[in-house]
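The residues making up each chain are set out below.
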Amino acid sequence: MQIHLISVGNRMPSWVKAGYDEYAKRLPRECELLLKEIAPGVRNKNCDIAKLIKEEGVRMNAAIPVGIHVVALEVAGKSWTTPELADALKRWLESGKNIALVVGGPEGLADSVKSRAGELWSLSALTFPHPLVRIIVAEQLYRAWSILHNHPYHR
C-alpha cells in the first residue's frame, strides 16, 4: 500500500524535510509514504482567499490518484488516539487500496477536496504550523505501524 501525503506548501526549511524523511524512510514498503507538495496560492493583503483555496483545491484534486481512499486532515474531523490510528492503518492495509492523506493550506482545504474524503481526521484541536504537520503525520504513521508489528519504538 502507498500512502500519499498531499499537502499544500513547498520550499520547506531543511529541518522539515529532514524530520519528514526520517520517519518516512522507517516505514516498510507495505506502508510506503510518498509526499506530494501542492504549490500554494500567493497570499497578500489584497488577495481573494476564497479564490486561492478553490485554486489550491483544483491542484490538490489533480494530484489525488484515481481510485484511492481519501482521508482529509481537518480540525472538525475525528480525533484518534495512537492505538486508534493503528487500527485505522490496519483497516487501510487490509482494504488493499492506496490512501491519500490531504492537508490544506493556512485557511484549510477546499470544499471540492473535502467532499472526496471518506474520512476526516483531526490531529488536534491545536493549530500546528503546516510544515510541522508533515513530520507529525509521518511520525504517527510510523508509530502506528510499530504498534501493529510489536516493534519497540512505541514503548
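Our structure's up above, just so we're on the same page.
Note that the structure is predicted; figures quoted are calculated from it, not measured. (Residues numbered from 1 in each chain as written. Predicted model: local features only at pLDDT ≥ 70, side-chain atom pairs only at ≥ 80, totals over all residues. Heavy atoms only, no water.)

1. Regarding the sheet that holds strand 2 (residues 32-38)
So, point 1. Taking strand neighbours across the sheet as the criterion, the 5 strands line up as 2-1-4-3-5 in an open arrangement whose pairing is parallel. Bordering the open sheet on either side are strand 2 and strand 5 (119-122), each of which pairs with just one other strand. Shown here is a sheet whose adjacent strand axes are inclined to one another by a mean of 30°, direction ignored.
So, point 2. Bridge count for strand 1 (residues 2-8) against strand 4 (residues 99-103) is 5 bridges, and the pairing is parallel. When the sheet's bridge partners are listed, His 4 is paired in strand 4 with Ala 100.
So, point 3. The sheet strands contacting helix 3 (residues 82-95) are strand 1, strand 3 (69-79), strand 4 and strand 5, and the helix crosses strand 3 at an angle near 160°.
So, point 4. Running over the sheet, helix 5 (residues 130-148) touches strand 1, strand 2, strand 3 and strand 4 and is turned about 165° from strand 1. (Pairing = 2+ DSSP bridges. Helix = DSSP H or I, 4+ residues; strand = E, 2+ residues; numbered from the N terminus. Axes fitted to C-alpha atoms, helices over the stretch in contact; angles between N-to-C directions. Contact = heavy atoms within 4.5 Å.)

2. Regarding the nonpolar core
Soluble, globular proteins show a tendency: their nonpolar side chains are buried together.
So, point 1. The biggest cluster of nonpolar side chains holds 27 residues, and the ones touching the most others in it are Leu 33, Trp 92, Leu 101 and Leu 141.
So, point 2. When residues of this core are traced back to their parent elements, those giving at least two are strand 1, helix 1 (14-26), strand 3, helix 3, strand 4 and helix 5.
So, point 3. Here this core takes 7 residues from helix 5, the largest share from any one element.
So, point 4. Not counting the four nearest positions on each side in its chain, Leu 141 is found in contact with Ile 3, Leu 27, Leu 33, Leu 85, Leu 89, Trp 92 and Leu 101.
So, point 5. Ile 6, Ile 68, Ala 72 and Ala 100 belong to the second-largest nonpolar core, a separate cluster that totals 16 residues. (Core = buried A, V, L, I, M, F, W, Y, C linked by side-chain atoms within 4.5 Å. Buried < 20%, exposed > 50% of the residue type's maximum accessible area, 1.4 Å probe, protein only.)

In short, the description is geometric, and any link to function would need to be established separately.
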